[in-house]
Amino acid sequence: YRKTSGWYLPVGTLAKDEVIKFSDWAQEAADHNPPVQVDAETIEKFWEDNVCAPGSTENGPLIGGGKYGEVGENGGGLCKRCKTDCTSEDPYAGYDGAVHCIDDDDGNQFTGGDIAF
């Protein structure tokens, strides 16, 4: 979450090209308990909750820091499609993890990925 090449550039491009609109999800992000960053909520909704964007900073994805969601079919947030714990230790976290995500072909359509954020 929020790495330059894996988050800011692609998410920023989607926003700049008006493919996604942060304003569409601002209220829902604020209404979460605890509230989440608007960019995290927007990406979760854009990909219909089928996301693995592991890791967190002091700025999010939860307001005040922390991961958003849980791993697994019922998990949601930015963690649903992650393989382990959706932290910076997840095999898909960081720059190396983004490459691993694209390269991973484990025969499961829901893990591994075609797009690395």
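So, here's what we can say about the structure. Computed from a predicted model, the values in this text were never measured in an experiment.

Some remarks on the overall build of the protein
Along its length, the protein carries 4 helices and 0 strands. Taken from N to C terminus, the helices and strands of the protein fall in the order α-α-α-α. Looking at the protein as a whole, 38% of its 117 residues qualify as buried. Put simply, of all contacts in the protein between residues at least 6 apart along the chain, 47% involve residues at least 24 apart. A total accessible area of about 6500 Å² is found for the protein, and carbon and sulfur atoms account for 48% of it.

Re the side chain of Glu41
As for its placement among the helices and strands, Glu41 is situated in helix H3 (residues 38-46). Using a relative accessible area of 0% as the deciding quantity, one classes Glu41 as buried. Setting aside its immediate chain neighbours within four residues, Glu41 contacts Trp25, Glu28, Ala29, His32, Val36 and Tyr68.

Points about the nonpolar core
Ranked by size, the top nonpolar core spans 14 residues in total, and within it Trp7, Ile43, Tyr68 and Leu78 carry the most contacts. Among the elements of the structure, helix H1 (4-16) and H3 are those that each provide at least two residues to this core. Per element, the largest residue contribution to this core is 3 residues, and it comes from H1. Formed by 6 residues, the second largest nonpolar core is a distinct cluster that contains Cys52, Cys79, Cys82 and Cys101.

Focus: unusual backbone geometry
Cis geometry marks the peptide bond from Asn33 to Pro34, where omega comes out at 0°. Within the secondary structure, Pro34 is located in the loop between helix H2 (26-31) and H3. In this chain, Gly60 is followed by Pro61 through a cis amide linkage whose omega measures 20°. By the element assignment, Pro61 lies in the loop between H3 and helix H4 (94-103). Look at Glu18: it is not a glycine, yet its phi comes out positive at around 60°. Backbone geometry places Cys86, a non-glycine residue, at a positive phi of 65°. By the secondary structure assignment, Cys86 is in the loop between H3 and H4.

Here's the deal with the pattern of salt bridges
Going through the model one piece at a time under the given rule, you end up with 8 salt bridges. Arg2 is paired through a salt bridge with Asp39; the nearest N and O atoms lie 3.0 Å apart. On the criterion of sequence distance, the pair formed by Arg2 in the segment before H1 and Asp39 in helix H3 is long-range, its members being 37 residues apart. Its relative accessible area of 10% is what places Asp39 among the buried residues. For Asp17, the salt bridge identified is with Lys16, shortest N-O distance 3.1 Å. Relative accessible area serves as the criterion here: at 45%, Asp17 is assigned to the partly exposed category.

Reading the values: the criteria
- Residues numbered from 1 in each chain as written.
- Predicted model: local features only at pLDDT ≥ 70, side-chain atom pairs only at ≥ 80, totals over all residues.
- Heavy atoms only, no water.
- Helix = DSSP H or I, 4+ residues; strand = E, 2+ residues; numbered from the N terminus.
- Buried < 20%, exposed > 50% of the residue type's maximum accessible area, 1.4 Å probe, protein only.
- Contact = heavy atoms within 4.5 Å.
- Areas by Shrake-Rupley, 256 points an atom, 1.4 Å probe, with all protein chains shown as cover.
- Core = buried A, V, L, I, M, F, W, Y, C linked by side-chain atoms within 4.5 Å.
- Salt bridge = Lys/Arg side-chain N within 4 Å of Asp/Glu carboxyl O.

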